[in-house]
Every structure is written in C-alpha cells, then in structure tokens.
Amino acid sequence: MNDNSGLDSAQLADSVIPASADPFALFDDWFSDAKNNEPNDPNAMALATATPDGAPSVRMVLLKGHGAKEGGFTFFTNSESRKGGEIRANMQASLLFHWKSLRRQIRIEGPLVEVTPERADAYFHSRAYKSQVGSAASDQSRPLDQRQDYLDRVTSLWAQHKAEGKVPRPPHWTGFTLKPERIEFWIDRDNRLHDRRLFTLEGAGDALSWSDTLLYP
Ligand SMILES: Cc1cc2nc3c(=O)[nH]c(=O)nc-3n(C[C@H](O)[C@H](O)[C@H](O)COP(=O)(O)O)c2cc1C
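Residues numbered from 1 in each chain as written. Predicted model: local features only at pLDDT ≥ 70, side-chain atom pairs only at ≥ 80, totals over all residues. Heavy atoms only, no water.

Put simply, the rule is: UniProt positions are given in the numbering used here, feature names are shortened, and annotations may be inferred rather than shown by experiment.
The name that an unreviewed UniProt entry assigns to the protein is Pyridoxine/pyridoxamine 5'-phosphate oxidase, with the source organism given as Erythrobacter crassostreae. Listed in UniProt under the heading Sequence similarities (unreviewed entry), the comment for the protein reads: "Belongs to the pyridoxamine 5'-phosphate oxidase family."

Here is the structure:
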C-alpha cells in the first residue's frame, strides 16, 4: 500500500525558485541568505577544473567578487598551482555552492577569464599582511620536504617587508572570473520532491539573454 501521508501536493506543485530574467539577482538573494545563516565561509565554493585530456579535479576556493557588472564569479589563487596549470591549459571551469544549513545548491559553468594585474594587486593588498606573506611564500601545490622550509620562507619575507606592511604581489598570484553560461539553482523540498531551475545563456554579442527551465530532480 502506498504511504501518501504528509504529501501536501498543493504546497509541492509550485516551484519556489522564481523564474527570472536575471539569475545574478537570484544568486544575490540566496547568497544573502547564506551570509545570514552559514556559520563559516558562506563564500566557499568548490571549483572544478579539468586537464585538456578531460581528467577532472576539484577543490574549494573563496568567491571574492560577483555580479552582472563583474561579468561573472571571481576567485584568486596561485596560477602555478595544480589548478593554475589546469586552468592555463583549459580555460573552463565549474563552481558549486552547497549551503548545508539552507539545503540549497548552486552550480555554475562557463569559460574563465584572468583578472587584470591592477585588480589582482588591489585584492592582494586588501588582505592582511600575514595572508600576503603566507601566499607569497607558498609554491602552492608543489612538494614540500618539511614544513620548516615553508616557515623559513615566511619568516624571511615577513622581516623583509615588515616596515612597509605589504608584500609585492607575486606575478603568478592572480584571479579568474568564471563567465557563466549555465547557472542551476537547487533547493531541498519535502518528500525529496526537490526543486531545480536551470538558467542558460542564449544568443550572441549584444543579444545575450538568459532563458530558464525547471529540471526533474
Ligand atoms: C574553505 C576553503 C577556501 C579556500 N579558498 C582558497 C582560495 O580562495 N584560493 C586558493 O588558492 N586556495 C583556497 N583554498 C585551498 C584550496 O582548496 C586548495 O587546497 C589549494 O588552492 C590548492 O589546490 P590545487 O592543488 O588544486 O591547485 C581553500 C580551501 C578551503 C577549504
């Protein structure tokens, strides 16, 4: 016998993710909820890259800028890292936000564009001195014989630039903006009848616009 107790079909029939001409605005709504609810790093997102021959890899990074004006979603990193090498070889990526306390997920896909050196400088120097030192001293993703080697570099850089209170940005420390072509919003609903809405960028040149559709969960 089917157990339909608790199936509120009137309440579940409508999508709670609004159709919109602007998925960036919807992202802002959800991001604002995340900032008010997530105990740590609401801007943390998984960044998936792939090698030219298609081997995927994924790691977390922090979202440091986003929006229609910005043209996408921006993060910063060491471009000589594993991810940096993969990005240089294949300028496409996928981002994933999962806000556990809200039971929401956003998936974003598209090509990557490197930020200008001016933007990278501005963000690098907006960070605390200790963060500038830590990242400038790191050969991110390369083998480290012993942690003391890293600490020695940190100590030396720290002393070298302490007076001016800022470290020159290493040229390989940069940022990338993912220019979204697909943005999918997912939200948990009762009875596992989850709700998904996919926005796809269509058209070309000045005639770009977003279309959206619901997806079966
Ligand atoms: C919550 C969180 C946020 C992170 N943010 C960044 C970031 O913004 N940039 C970065 O280079 N690494 C960040 N990391 C470290 C990366 O996950 C990863 O360890 C590092 O970038 C090396 O990745 P790769 O070897 O794939 O290049 C973060 C890790 C966590 C857990």
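**Details of the site of the ligand**
Note the threshold: For each residue, the test is whether any non-hydrogen atom lies within 4 Å of the molecule or strand; if one does, the residue is near. Definition of a polar contact: a pair of N or O atoms within 3.5 Å, with one able to donate and the other able to accept a hydrogen when the atoms are protein atoms, and with sequence-neighbouring residues admitted only if both atoms are side-chain atoms. Each accessible area is a Shrake-Rupley estimate made with a 1.4 Å probe; only the visible protein chains count as cover when residues are assessed. Helix and strand definitions follow DSSP, with helices as H or I runs of at least four residues and strands as E runs of at least two, each counted in order from the N terminus. Gly is put with the polar residues, along with every residue not named as nonpolar or charged; the nonpolar set is Ala, Val, Leu, Ile, Met, Phe, Trp, Tyr, Cys and Pro, and the charged set is Asp, Glu, Lys and Arg.
Residues in contact with the ligand amount to 13 residues; listed here are only the nearest, Arg59, Met60, Thr77, Lys83 and Ser141. Between the ligand and phenylalanine 76 there is a distance of 3.0 Å, counted from a nitrogen atom to a backbone nitrogen or oxygen. Threonine 77 is positioned such that a nitrogen or oxygen atom in its side chain is 2.6 Å from an oxygen atom of the ligand. Burial of the ligand by the protein amounts to 64% of the accessible area it has alone, namely 620 Å². Where the shell around the ligand is concerned, the elements lending two or more residues are strand E2 (56-62), strand E4 (72-78) and helix H3 (82-89). Considered class by class, the residues forming the shell around the ligand number 5 nonpolar, 4 polar and 4 charged.

**As for the pairing of strand E8 (residues 182-187)**
Selection rule: The classification of residues rests on relative accessible area computed with a 1.4 Å probe and restricted to protein chains. Under 20% of the type maximum is buried, over 50% is exposed, and intermediate values are partly exposed. Two strands qualify as a pair provided that DSSP identifies no fewer than 2 bridges between them.
Of all the 6 residues making up E8, 5 are buried; the element is thus mostly covered by neighbouring parts of the structure. Judged from the 6 bridges that link them, strand E6 (residues 104-114) and E8 form a sheet pairing that is antiparallel. Pairing of glutamine 105 across the sheet is with tryptophan 186, part of E8. With 6 bridges joining them, E8 and strand E9 (residues 195-202) adopt antiparallel strand pairing. Residue pairing in the sheet places isoleucine 183 in a bridge with phenylalanine 199 of E9.

**Looking at the environment of arginine 127**
Here is the rule we go by: Whether two residues touch is decided by their heavy atoms; if any such pair falls within 4.5 Å, the residues are in contact.
Within the secondary structure, arginine 127 sits in the loop between helix H4 (117-126) and helix H5 (129-136). For the pair arginine 127 and isoleucine 17, spaced 110 residues apart in sequence, the C-alpha to C-alpha distance is 35 Å. Contact partners of arginine 127, with chain neighbours within four places excluded, come to Gln132, Ser135 and Trp173.

**Observations concerning H4**
The criterion, for reference: What the arc describes is the spread of directions from the helix axis to the C-beta atoms.
For H4, the set of buried residues is Ala120, Tyr123 and Phe124. Along H4, the residues classed as buried sweep out an arc of 100° about the axis, all on the same side. Structural note: H4 exposes Glu118, Ala122 and Ser126 on the side pointing more than 90 degrees away from its buried face. Packing partners of the buried residues in H4 comprise E4, H5 and strand E7 (173-178).

**Some points on the pattern of salt bridges**
Keep this limit in mind: Here, a salt bridge means any side-chain nitrogen of Lys or Arg that lies within 4 Å of a carboxyl oxygen of Asp or Glu.
Under the counting rule described, the total for this entry stands at 13 salt bridges. Between glutamate 86 and arginine 82 there is a salt bridge, with its nearest N and O atoms 2.9 Å apart. Here glutamate 86 and its partner arginine 82 are both found in helix H3, 4 residues apart, which amounts to about one turn of the helix. Assessed through its relative accessible area of 6%, glutamate 86 is described here as buried. Assessed through its relative accessible area of 51%, arginine 82 is described here as exposed. Glutamate 114 serves as the salt-bridge partner of arginine 88, at 2.9 Å between the closest nitrogen and oxygen. Placement of the pair is arginine 88 in helix H3 and glutamate 114 in strand E6, with a sequence separation of 26 residues.

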